[in-house]
Amino acid sequence: MNRLAARPAGRLAAAALAAASLLAQACGDDGGAADPAANNAVVTFPKTFLWGTSVAGFQVDPGCPTLPAAACEDRESDWAQWVTDPDLVADGTTYVHGDPLSAGPGFWELYDQDLARAGDELGANAFRTSLEWSRLFPDGAAEAATTVDELAPFADEDAVAHYRAIFASAKAHGQTLLVTLNHYTLPLWLHDGKACHQDLAGCADRGWLDGPRIVRTIALYAGFCARTFGDQVDLWATLNEPFAVVLSGFIVPNAERTNPPGVLLQIEAGLDAMTHMIEAHAAMVDAVRDNDLADADDDGVAAQVGLVHSMIALEPSDPSSEADVAAVAHAEWVVNRVFLEGVANGRLDPDLDGVLDPPRADLVGRLDFIGVNYYTRLPIMALGQPLDARYAFADFLPNLDGGSFVEYPQGLHDVVTSAASYGRPVYITENGRLNPGETSGDGFLEPHLEALHAAMDDGADVRGYFYWSLVDNYEWNHGMSLRFGLYAVDTATKARALRPIGARYAQIVRARGF
Ligand code: IFM
């Protein structure tokens, strides 16, 4: 081992010792009792419940301590361009922090240690991660393929082998996989976010705006992934938080979140993107069902395919304002429901007036579960008139004065109840605390899990909870300046340190309640 490699390893060993001591405090000398009754737990979850942690490829892969950047970082995505291009970093309307990708946690290299942390230290039995389309297919020549068979030779063999190793490690450390096929990032050959930021009408590679092109190519990519990793993965999510892509990409990019192309008030483009994402979801589900024929966990089901939706607890900015109260109903439709109507019931509301088109045969029946990401409540302000006269319900704005992460546990009950009304099983695919702190892990997990449990008592079929995130990760336009990890990451050495909230999560996971 070279000297550079030895330094992080030393820090890692020290961090492991610190983690062991925190875990010993959390779990007691026996390393953690698995029997809720023995722990006097009063809020308990089913034995089959998945207790997981969640990450996404773009956010955790880069930053390897010893691997060369070229082997570790994927530079071929629109997001890599968005956060590293000097013009975009300098452009005040992208709100890009400017951290280099090398500041990331380096999961691409450290995955086995991280998955040991998740499975063996925390006791998690599930892990959610994502595949990077641009890592598997960096070359735009892949677009010529018209079938999964034709696409396969274009795949990067090293990337395929590396993903298989990551998935095998998760399994070896006791974790079932839930894999997101598209967590925001698109290959540069399909989306030039810089050109589209500068000239949306004139850019050539328009990502979600090129409907037939992206629906066709993403379906083939999904089919390839299902065929290649289907013997390791049974739980698939097509897209992550599509509405965030629409809102922060085309309508209200802001300091809290931008997504490429980061253009303001392009509502028509945003709604086009939304329709194309619903079509893409359906085509991806078909492709996964056709190509994942291997039952990874011997439960008789080869593939379950869902969508991960960000849901927000909305409230009037001024509860005494009738206009704000009325605007919440519109916001509820636009932010939380309209996308689910598309993927769950195959019905679109292309002009955003609250009236759904009839179900489309090519969209219905393509949803096995709903993944809910929940973080915050959000005050809504009425505008008095639509932002664009053609779209009646676009007549509100979020009041972001309190930021995007206002903890509100009751909201988890409410959004889960809303998601469950679509008649599909629900997984909490993300829930977590911004900047969780190094001294106390109190006040977050128990109230959120209690609210989740209450939703289950009310009838919601909830199958699992994935904490966001396992380790601090590259938080999109914020780089490493916002932290979510159960484990803190030292950006220089890549050493991990268990946070108090991680120790508390381990205790709850091992007791299957509290
Ligand atoms: O980091 C993100 C994740 O990629 C999607 N859901 C919200 C998280 C926190 O902002």
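Up top is the structure.
Residues numbered from 1 in each chain as written. Predicted model: local features only at pLDDT ≥ 70, side-chain atom pairs only at ≥ 80, totals over all residues. Heavy atoms only, no water.

## Looking at the site of the ligand
Then, number 1: Taken together, the neighbourhood of the ligand is formed by Gln59, His183, Asn240, Glu241, Arg257, Tyr375, Phe405, Glu430, Trp468, Glu475, Trp476 and Phe484.
Then, number 2: In this structure, Trp468 approaches the ligand through a side-chain N or O atom, which is 3.4 Å from an oxygen atom.
Then, number 3: In the complex, 97% of the free accessible area of the ligand, which totals 280 Å², lies under the protein chains.
Then, number 4: Class assignment for the residues of the shell around the ligand results in 5 nonpolar, 3 polar and 4 charged. (Near = heavy atom within 4 Å. Polar contact = N/O pair within 3.5 Å; in protein donor to acceptor, adjacent residues only side chain to side chain. Areas by Shrake-Rupley, 256 points an atom, 1.4 Å probe, with all protein chains shown as cover. Nonpolar A, V, L, I, M, F, W, Y, C, P; charged D, E, K, R; others polar.)

## A closer look at the packing of aromatic side chains
Given two aromatic rings, their pairing is described by the distance between the two centres and the angle made by the two planes.
Then, number 1: Summed over all chains, the structure comprises 26 aromatic pairs.
Then, number 2: Measuring from ring centre to ring centre gives 5.1 Å for Phe45 and Trp51, while their planes differ by 80 degrees; the resulting arrangement is edge-to-face.
Then, number 3: On the numbers, 6.1 Å between centres and 50 degrees between planes, the contact of Tyr465 with Tyr505 is tilted. With Tyr465 in strand S9 (residues 462–468) and Tyr505 in helix H17 (residues 500–511), this pair connects stretches of sequence that are 40 residues apart. An identical accessibility class is assigned to Tyr465 and Tyr505; each is buried.
Then, number 4: Linked through ring pairs, Phe45, Phe49, Trp51, Phe444, Tyr465, Tyr467 and Tyr505 together constitute an aromatic cluster.
Then, number 5: One residue, Arg117, lies across the ring of Tyr487, its end atom 5.9 Å from the ring centre.
Then, number 6: Sitting over the face of the ring of Tyr408, Arg377 holds its NZ or CZ atom 4.4 Å from the ring centroid. (Phe/Tyr/Trp six-rings, centres within 6.5 Å; stacked < 30°, edge-to-face > 60°. Helix = DSSP H or I, 4+ residues; strand = E, 2+ residues; numbered from the N terminus. Buried < 20%, exposed > 50% of the residue type's maximum accessible area, 1.4 Å probe, protein only. Lys NZ or Arg CZ within 6 Å of the ring centre and 35° of its normal.)

## Some remarks on the pairing of strand S4 (residues 235–240)
Then, number 1: Most of S4 sits out of view: 6 of its 6 residues are buried.
Then, number 2: Across 4 bridges, strand S3 (residues 176–182) lies against S4 in parallel orientation. Its bridge partner lying in S4, Thr180 is registered against Ala237.
Then, number 3: Where S4 meets strand S5 (residues 304–316), 4 bridges bridge the pair, whose relative direction is parallel. When the bridges of S5 are listed, Ala237 appears paired with Gly306. (Pairing = 2+ DSSP bridges.)

Limitation: the analysis is restricted to geometry and does not speak to function.
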